[in-house]
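Fold and contact review
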Amino acid sequence: MAWWPDGGFLMMMMMTIISFVQAEDSNRFFDLRVTYGNVSVTKYVPPTRVILINGKFPGPELYLVTNDNLIINVHNDLDEPFLLSWYLFIYLFRFTFRNGLHLKRNSYQDGVYGTTCPIPPGKNYTYAFHLEDQIGSFFYFPSLAVQKAAGGFGAIRILSRPGTPVPFPQPAGDFTILIGDWYTGEDHKDLKARLDGGRMIPRPYSVLINGNEDTASTSLTVDKGKTYRFRISNVGLQLSLNFEILGHMLKLVEVEGTYTIQTKFTSLDIHVGQSYSVLVTMDQPPQNYSIVVGTRFTDSRSTNRIILHYSNSKSSKFVPNRQPDNDIDFSIKQARSIKTNLTASRQRQDAQGSYHYGRIKISRTLILESSAGVVNRKQRYAINGVSFVPADTPLKLADYFKIKGVFKVGSIPDKPGRAGIRLETAVMGVHHKDFLEIVFQNREKYVQTYHLDGYNFWVVGIGNRWSTWSHASRRDYNLRDAISRSTTQVYPKSWTAIYVAFDNVGMWNFRSEFWARQYLGQQFYFRVHSPANSTRDEYPLPKNALLCGRASNRHRRDFIP
């Protein structure tokens, strides 16, 4: 295993590059130390062992600005390997004295095992990437095993650069709220052992708000008549959650880095892995109101709340919490109404490039269908009949060093078949600049949520309940202002269709956000390949990249810079 003991070389390299970067591009350095700690998420159970980032649960929020250069040094003080992943577009930057600074999205810093070697216990790794034309609300999280069940996550807030138009007035305040289901009292290693033993883990016990289950006495203070921004991310493991501020309307303004048409809702369904921003005007009589987070689409219901306190309120009364219902039709209607604000300033210049997604010729259609079954007496989950098995070497490294036998391109089919589930290190080949239509067909009774690393996609269609996608479904696609995002839900016995432009060379993880299903095989990798094999399309292996598995003793052919 190779590593830079203190990240010093990369820091020195970065300082050299930074002196040449445009003056308006800020350079932000973060030192994140990962440890265990015992935290009481509720007064009703003993403290639970969690993963802390810089001693905090959740971890510290990263405040960033569009076009920042990030240098994040992660120290692993756990007794097990660790990786952080980011719901961001990862651009590597490379400076040459002749041509200046160049940027390319790149999967080497993605922070999942298919692209990045884990950080060994007691060691560190320095991520270095650029936030090209990004804004919005995101989060980071641990990607290995079931570590996400122990915490290790935190919010990411990317603000627009000064002078850049924003499609709403500056709010009076900006609150971040991390919500998620939680296994109170169960260690993440015990959950992993259950899954490794072929047993499914139970449903989560409770709902946390900013790392706390017992939040009835927690309050956010606001002033009457003012408008505030709330950034809400579902950092949980499997459950869809509903967010509501009783008595107040939520004006949706941003979804995962995309400004939206500003639509008002009484409540929002936020599926696991998703992030939303809403504006809320404090236009009600001064008193206390419940901010309610509750589970959706489950038989056993759970809610949590914090108090919205008007600063001039003289009353200790509050509007009590309300249990969200399980109306799927309401949720589908809401999801279809979320659209991109085409009049807002374009936050990512390559989000649609010089073309519009609705006018591009589709080069290929994928139909992806989930399934569950028992293989070798163990519970497994699959996509198109293939249940993913991690290789002994990160796939991106195997591809870079041309190591045979690690994976096979085309090991997962474009459409579901009739055979049962088979185990495979599933990789789907895609040509650079292909434009794909992907249909998620959900024949199960559970809400599915999927995420694609390295890309935003356009959610062009969502089916009704008890519907199956067909070519005729395209007549109802939104080909004008579909929302652009990286995580989408698929309702029970229904389908969701997306368009995605594969303009980003690399090895990119596609996964279920239902974490136990992802761990037991409901994922695969897209290998986006350019035959040119040129640094015009993808930068080579970073010099500080960790090497592991069959790549441990390999020599780097090239590196950055």
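Considerations on the overall build of the protein chain
What the protein chain contains, in helices and strands, is 5 helices and 36 strands. For the protein chain, the proportion of its 561 residues judged to be buried stands at 61%. At a minimum sequence separation of 6, the contacts of the protein chain that also span at least 24 residues come to 78%. Of the roughly 21900 Å² that the protein chain leaves accessible, carbon and sulfur atoms contribute 50%.

Digging into the environment of Leu178
Take Leu178: it is sitting in strand S11 (residues 173–182). Between the C-alpha atom of Leu178 and that of Val235, which follows or precedes it by 57 residues, the distance is 6.4 Å.

Some thoughts on the pattern of salt bridges
A full pass over the atoms with the stated rule returns 25 salt bridges. Of the charged contacts, one joins Arg465 and Asp329 as a salt bridge, the two residues approaching to 3.0 Å between their closest N and O atoms. Placement of Arg465 in the loop between strand S31 (457–462) and strand S32 (484–485) and of Asp329 in helix H3 (residues 328–337) is noted, with a sequence separation of 136 residues between them. Across the pair Arg550 and Asp392 runs a salt bridge, and its minimum N-O distance is 3.2 Å. Of this pair, Arg550 sits in the segment after strand S36 (523–529) while Asp392 sits in the loop between strand S25 (386–388) and helix H4 (395–401), and the two are 158 residues apart along the sequence. Taking the relative accessible area as the measure of exposure, Asp392 reaches 43% and is therefore partly exposed. A network of salt bridges, in which partner residues are shared, links Glu61, Arg157, Asp174 and Arg231.

Description of the sheet that holds strand S17 (residues 258–265)
Pairing is mixed in the open sheet, where 6 strands are placed in the order S12-S11-S14-S19-S16-S17. Each having just a single partner strand, strand S12 (206–209) and S17 make up the two edges of the open sheet. In this sheet, adjacent strand axes meet at a mean angle of 25° when their direction is disregarded. Relative to strand S19 (residues 275–281), strand S14 (residues 227–234) runs antiparallel, the two sharing 7 bridges. Across the sheet, residue Arg231 finds its bridge partner in S19, namely Ser277.

Observations concerning the pairing of S12
Note on strand geometry: in a regular strand, side chains alternate between the two faces of the sheet. Burial along S12 is two-sided: the face carrying Ser206 and Leu208 and the face carrying Val207 and Ile209 are both buried. As paired elements, S11 and S12 share 4 bridges and run antiparallel to each other. Across the sheet, Trp182 pairs through a bridge with Ser206, a residue of S12.

Section: the side chain of Thr126
As for its position among the elements, Thr126 is in strand S8 (residues 124–130). Of the polar contacts made by the side chain of Thr126, one reaches the side chain of Asn73; its length is 3.0 Å.

Observations concerning the environment of Asn504
Within the secondary structure, Asn504 is located in the loop between strand S34 (494–502) and strand S35 (506–512). Note on Asn504: relative accessible area 2%, which makes it buried. Between the C-alpha atoms of Asn504 and Gly454, which are 50 residues apart in sequence, the distance is 7.4 Å.

Some thoughts on the packing of aromatic side chains
Going through the model one piece at a time under the given rule, you end up with 33 aromatic pairs. On the basis of an interplanar angle of 35° and a centroid distance of 5.1 Å, the ring pair of Tyr87 and Phe141 is categorised as tilted. Remark: Phe141 occurs in strand S9 (residues 136–142) and Tyr87 occurs in the loop between strand S5 (84–86) and strand S6 (91–96); sequence separation between them is 54 residues. With respect to class, Tyr87 is no different from Phe141; both count as buried. Note on Phe440 and Tyr450: the rings are 5.0 Å apart at their centroids and 15° apart in plane angle, and the pair reads as stacked. Here Tyr450 lies in strand S30 (residues 448–452) and Phe440 lies in strand S29 (residues 434–442), a separation of 10 residues in the sequence. You can call Phe440 buried: its relative accessible area is 2%. Overall, the relative accessible area of 4% leaves Tyr450 in the buried class. Joined through ring pairs, the aromatic side chains of Phe440, Tyr450, Tyr455, Phe502, Trp508, Phe510, Phe524 and Phe526 make up one cluster. The cationic tip of Arg49 hangs over the ring face of Tyr36; the distance from NZ or CZ to the ring centre is 4.1 Å.

Each value, and the rule that gives it
Residues numbered from 1 in each chain as written. Predicted model: local features only at pLDDT ≥ 70, side-chain atom pairs only at ≥ 80, totals over all residues. Heavy atoms only, no water. Helix = DSSP H or I, 4+ residues; strand = E, 2+ residues; numbered from the N terminus. Buried < 20%, exposed > 50% of the residue type's maximum accessible area, 1.4 Å probe, protein only. Contact = heavy atoms within 4.5 Å. Areas by Shrake-Rupley, 256 points an atom, 1.4 Å probe, with all protein chains shown as cover. Salt bridge = Lys/Arg side-chain N within 4 Å of Asp/Glu carboxyl O. Pairing = 2+ DSSP bridges. Axes fitted to C-alpha atoms, helices over the stretch in contact; angles between N-to-C directions. Polar contact = N/O pair within 3.5 Å; in protein donor to acceptor, adjacent residues only side chain to side chain. Phe/Tyr/Trp six-rings, centres within 6.5 Å; stacked < 30°, edge-to-face > 60°. Lys NZ or Arg CZ within 6 Å of the ring centre and 35° of its normal.

Such coordinate-based values are descriptive only and should not be taken to indicate function.
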